[in-house]
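An overview of the molecular structure
Given next are the chains, with one letter for each unit.
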Amino acid sequence: MNELTDKPWQGLDFLRGLGIFCLLILHTAFYYFSGLWDLDLANPPVIITIIGFLLMFAGLFAIISGAAHGISIHRLYRIHGWSFKRIAHKKLSSGLFILLIAYIYFIFTGPGLSEFANRRMNNSILVEWIRNGNWAGFNVERLLYVDSLVMIGCNILLVSLIWLGLMKINQLKAPVLLGLAGMVLLLSLVRLPLYPLYLQQVSQKNWFQVLLLNWLVNKNNPILPFLAFGLLGSWLGLLLEAKKSRRPALLLGVSLLLLGVVSYIFLPDTMLQREIDLKWYSIMITQMGLFILIILVAIAAFDRKSPQKAPNAFIRFFLRFGTAGLTAFFWESVVAAIAWRGMTALAPGLQLGIGSALSFGLGSALFWGIILIFWEKKHYIGTIEYLYTQTVRHWGEMSSKAQKLRQP
């Protein structure tokens, strides 16, 4: 049997876990930094610019997800002999499950949307109730916001559909996938004029047009350009699965990174204003190249041909986030709000500078790391990932993650 079927791509699991751990730190730090509303967005401190850049790492998860689901489709069809219909059922259930969790998350438990003009956070229902004692209810902005989970759910559906279509016409080839990724990336330039049009339709309450454009162009992680990240990840997954040379991926990563950095340097700095302009586009190109290189480094470090020793405690700490990090991501804003409520009860008027906010974020992430240590001993029963595996089971054979979650 193919050796890639026998062992997981531990580098991808580790990188996903490390990414979630860092996001937990940065989420909490950003939302509890007391000086947030007084920042000069035209000339921000370097540390704030770095945090802002790191908070835009959704593309890394898009590439990892694209690679994982592409590899999954390849193995189910080539190795296990699944029909296109059976694979489609499984991927449909996966994508719809993630989309359902995404909307529950962002409405009820997710982080706030910063409104600098009003110096306030548009919080999710539970976070607003815990922090301020108010019942936020539903609002259009949070319902329409395209967060990272919505993006991943969309990518699972679209990348899987594209893969199955290419397989059916016998055109599932690395150059074809790479070409499609490039086409979507170029097409994403239309987001620049379409986003203002989208905002106009929202202000005029033209809901049909709003719904047509929402997943395509709305903030923060729309199909344009994040489908390109997913397709690029699936291209990388195909190279890995077929044991092809990784040199093309290395060259592409370096080229995109250099192109993006040079473009970024010579364009006006509008990153923290979150403008959808050429500066934003240069950041997307930069991240695409950077993420490819990061993934190649992770795979080189963890997925060697020689037998590997069992991961040490440090690596296992992050691998747990790779296995059950969605649960931590789902609840982290609620837990942080509870902790903040307790801290301000003991120290009314508490204010956190950037250093203290980062420490608070690190404490939050470490707390979840400890929780996952104990949850692992219970085989992650009760996590969102466990619920995911039970849902997908009804549509076909369990995924590799499901098998890991069920192991004693």
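This text follows the structure it describes.
A brief report on the enclosed structure follows. (Residues numbered from 1 in each chain as written. Predicted model: local features only at pLDDT ≥ 70, side-chain atom pairs only at ≥ 80, totals over all residues. Heavy atoms only, no water.)

**Brief notes about the overall build of the protein**
The helix and strand inventory of the protein stands at 18 helices and two strands. For 408 residues, the compact-globule formula gives about 22 Å, and the C-alpha radius of gyration of the protein, at 21 Å, lands near that figure. For the protein, the proportion of its 408 residues judged to be buried stands at 51%. When contacts within the protein are restricted to residue pairs at least 6 apart in sequence, long-range pairs at least 24 apart make up 78% of them. Carbon together with sulfur atoms contributes 67% to the accessible area of the protein, which is approximately 18,900 Å² in total. Averaged over its 35 positive side-chain charges, the protein has a centre that lies 10 Å from the centre of its 18 negative ones. (Helix = DSSP H or I, 4+ residues; strand = E, 2+ residues; numbered from the N terminus. Rg over C-alpha atoms; globule rule 2.2 N^0.38 Å. Buried < 20%, exposed > 50% of the residue type's maximum accessible area, 1.4 Å probe, protein only. Contact = heavy atoms within 4.5 Å. Areas by Shrake-Rupley, 256 points an atom, 1.4 Å probe, with all protein chains shown as cover. Lys, Arg positive; Asp, Glu negative; His and termini not counted. Charge placed at Lys NZ, Arg CZ, Asp CG, Glu CD.)

**As for the nonpolar core**
If you look at the biggest cluster of nonpolar residues, it comprises 102 residues, and the most contacted ones within it are W163, L177, F229, W235, I295 and F321. Once residues lying within four places of it in the same chain are set aside, the contact partners of F229 are G59, A62, I63, M284, Q287, M288 and F291. M121, I130, A336 and W340 belong to the second-largest nonpolar core, a separate cluster that totals 18 residues. (Core = buried A, V, L, I, M, F, W, Y, C linked by side-chain atoms within 4.5 Å.)

**A closer look at the pattern of salt bridges**
Tallying each qualifying case throughout the model produces six salt bridges. Here E376 ties to R320 by a salt bridge, and the two come within 2.9 Å at their closest N and O atoms. In this pair, E376 is assigned in helix α16 (residues 354–377) and R320 in helix α15 (residues 313–346), connecting sequence segments 56 residues apart. Taking relative accessible area as the criterion, E376 reaches 23% and is therefore assigned partly exposed. According to the relative accessible area criterion, R320 is buried, its value standing at 10%. Salt bridges here are not isolated pairs; linked through shared partners, they connect R316, R320 and E376. (Salt bridge = Lys/Arg side-chain N within 4 Å of Asp/Glu carboxyl O.)

**So, the packing of helix α10 (residues 191–203) against helix α11 (residues 207–217)**
The N-to-C vectors of α10 and α11 enclose an angle of 145 degrees; their axes lie 9 Å apart at closest approach. Helix-helix and strand crossings are classified by hand; for α10 and α11 the assignment is left-handed. On α11, the residues that touch R191, L194, Y195, L197, Y198, Q201 and V202 of α10 are W207, Q209, V210, L213, N214 and V217. In terms of residue class, the contact of α10 with α11 is made up of nine nonpolar, three polar and one charged. (Axes fitted to C-alpha atoms, helices over the stretch in contact; angles between N-to-C directions. Left-handed = near helix turned anticlockwise from the far one by under 90°. Nonpolar A, V, L, I, M, F, W, Y, C, P; charged D, E, K, R; others polar.)

**Focus on the packing of aromatic side chains**
According to the stated counting rule, one finds 27 aromatic pairs in the structure shown. Their ring planes at 90 degrees and their centres at 5.0 Å tell us that F30 and Y31 sit as a pair that is edge-to-face. Ring geometry for F317 and F318: centres 5.2 Å apart, planes at 85 degrees, overall edge-to-face. You can call F317 buried: its relative accessible area is 15%. We classify F318 as buried; its relative accessible area is 6%. An aromatic cluster is defined as three or more aromatic residues linked by ring pairs; in this entry it consists of F14, F21, F302, F314, F317, F318 and F321. Across the ring face of W82, the terminal group of R86 is positioned such that the distance to the ring centre comes to 3.8 Å. Of note, R191 hangs over the ring of W280, and the distance from its end group to the ring centre comes to 4.8 Å. (Phe/Tyr/Trp six-rings, centres within 6.5 Å; stacked < 30°, edge-to-face > 60°. Lys NZ or Arg CZ within 6 Å of the ring centre and 35° of its normal.)

**Considering the side chain of E385**
Its location among the elements puts E385 in helix α17 (residues 384–393). Looking at E385, its side chain comes within polar contact range of the main-chain nitrogen of L326, at 2.6 Å. (Polar contact = N/O pair within 3.5 Å; in protein donor to acceptor, adjacent residues only side chain to side chain.)

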